[in-house]
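# Results of the structural survey
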Amino acid sequence: MKIDVLTIFPEFFGQVFDFGIIRRAKLAGIVEINVHDLREYALDKHKMVDDRPFGGGDGMVLKPEPIFAAIENLVGTNDRSEYPPGTHVVLLSPQGKPFKQAAAQGFADNAENLVMICGRYEGVDERVNDVLVTDEISIGDYVLSGGEAAAVVVVESIVRLLPNALGSDTSAGNDSFSAGLLDCPHYTRPANWRGMAVPDVLLNGNHAEIEKWRNEKALEKTKLNRKDLLIGENGDM
Ligand code: ADE
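The sections below set out a description of the structure shown in this document. Bear in mind the structure is a predicted one, so any value in this text is a computation, not a measurement.

With that out of the way, let us pick up the overall build of the chain. Regarding its fold elements, the chain presents six helices and 10 strands. Its C-alpha atoms give the chain principal-axis dimensions of roughly 70 × 45 × 40 Å. Residues counted as buried form 38% of the 237 residues belonging to the chain. Pairs at least 24 apart in sequence give 73% of the contacts found in the chain among residues at least 6 apart. Accessible surface, the chain: about 14,300 Å² in total, of which carbon and sulfur atoms supply 51%. Here the chain contributes 24 positively and 36 negatively charged side chains, and the mean placements of these two sets differ by 6 Å.

Encoded structure:
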């Protein structure tokens, strides 16, 4: 997978993709990640990337021209119906669709080229959305100053799902959300510490019992913290 991040703050990304699973996936050739300075695509001599909103109001809006120029350069066209197969142009914005594990899995399974546009200021000229963007994504119901931190979240959640990104001893199959529930609790040594004992069932080597306990605890945790995950579309539990 090739990921291109478009931002007016390239320094923000510093070493953020140089640790752990993302670093390993990069070294193994599973993913290539490039960060691009949107300002380099600005057309005027002042390298302007933003301007005041038509109709008035606070803040500045990211101009369309630099973003169109960047997409033309990275994808080869400004018409999303002509993007090569497997190409997604993602806009990170609080107006986007809520990002879920299933969407991360969908990108990991099907996307080959991902371009992440980090929104900024009060917004991005809507013509970018109308013509270039295939997926407008929000990472949650809160407002960040820009899409940069959101892009890191989305990239990390996708890269760890790419084939062979996790070591052979690990798998994403038991992760929270992969089965629609939160993950169960985990323990490691010492088995008894400061009077807090690890549940006996985890020590007895009975895999069927351990599996049953983990399922029960996952359900308990989900009921406690995320009841919404258990409620069906018609409101049933
Ligand atoms: N930019 C600002 N807030 C955001 C959010 N919640 N998700 C994605 N991008 C954003």
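What follows picks up the thread again.
The strand order across the open sheet built from five strands is E2-E1-E6-E5-E8, with neighbouring strands paired in parallel fashion. One side of each edge strand has no neighbouring strand; the edge strands of this open sheet are strand E2 (32–37) and strand E8 (135–138). Adjacent strand axes in the sheet meet at a mean angle of 30 degrees when their direction is disregarded. Here strand E1 (residues 2–7) pairs with strand E6 (residues 113–118) via five bridges, running parallel. Residue pairing across strands places Ile3 opposite Leu114, the latter belonging to E6.

Taking 1.5 Å of rise per residue, the 12 residues of helix H5 (residues 148–159) would be expected to cover 16 Å, and the 16 Å separating its terminal C-alpha atoms lies within 8% of that figure. Most of H5 is tucked away: nine of the 12 residues are buried. Turning to H5, its buried residues are Glu148, Ala150, Ala151, Val152, Val154, Val155, Ser157, Ile158 and Val159.

Grouped together as the largest cluster of nonpolar side chains are 33 residues, with contacts concentrated most on Ile3, Leu114, Met116 and Ile158. Breaking this core down by element, the ones donating at least two residues are E1, helix H1 (20–27), strand E5 (87–98), helix H3 (101–110), E6 and H5. Per element, the largest residue contribution to this core is seven residues, and it comes from H5.

Tallied over the full model, the rule gives nine salt bridges. Between Asp18 and Lys26 there is a salt bridge, and its shortest N-O distance comes to 2.7 Å. The exposure class of Lys26 is partly exposed, given its relative accessible area of 28%. Linking Asp228 and Arg226 is a salt bridge whose minimum nitrogen-to-oxygen distance equals 2.8 Å. Note on Asp228: relative accessible area 44%, which makes it partly exposed.

Here the focus is the sheet that holds strand E3 (residues 50–51). On the basis of which strands lie adjacent, the open sheet formed by three strands has the order E3-E4-E7 and mixed pairing. Of all strands in the sheet, those bounded by a partner on one side alone are E3 and strand E7 (123–124).

Cut-offs applied
Residues numbered from 1 in each chain as written. Predicted model: local features only at pLDDT ≥ 70, side-chain atom pairs only at ≥ 80, totals over all residues. Heavy atoms only, no water. Helix = DSSP H or I, 4+ residues; strand = E, 2+ residues; numbered from the N terminus. Buried < 20%, exposed > 50% of the residue type's maximum accessible area, 1.4 Å probe, protein only. Contact = heavy atoms within 4.5 Å. Areas by Shrake-Rupley, 256 points an atom, 1.4 Å probe, with all protein chains shown as cover. Lys, Arg positive; Asp, Glu negative; His and termini not counted. Charge placed at Lys NZ, Arg CZ, Asp CG, Glu CD. Pairing = 2+ DSSP bridges. Axes fitted to C-alpha atoms, helices over the stretch in contact; angles between N-to-C directions. Expected span 1.5 Å × (residues − 1). Core = buried A, V, L, I, M, F, W, Y, C linked by side-chain atoms within 4.5 Å. Salt bridge = Lys/Arg side-chain N within 4 Å of Asp/Glu carboxyl O.

Read these as geometric descriptors, not functional statements.
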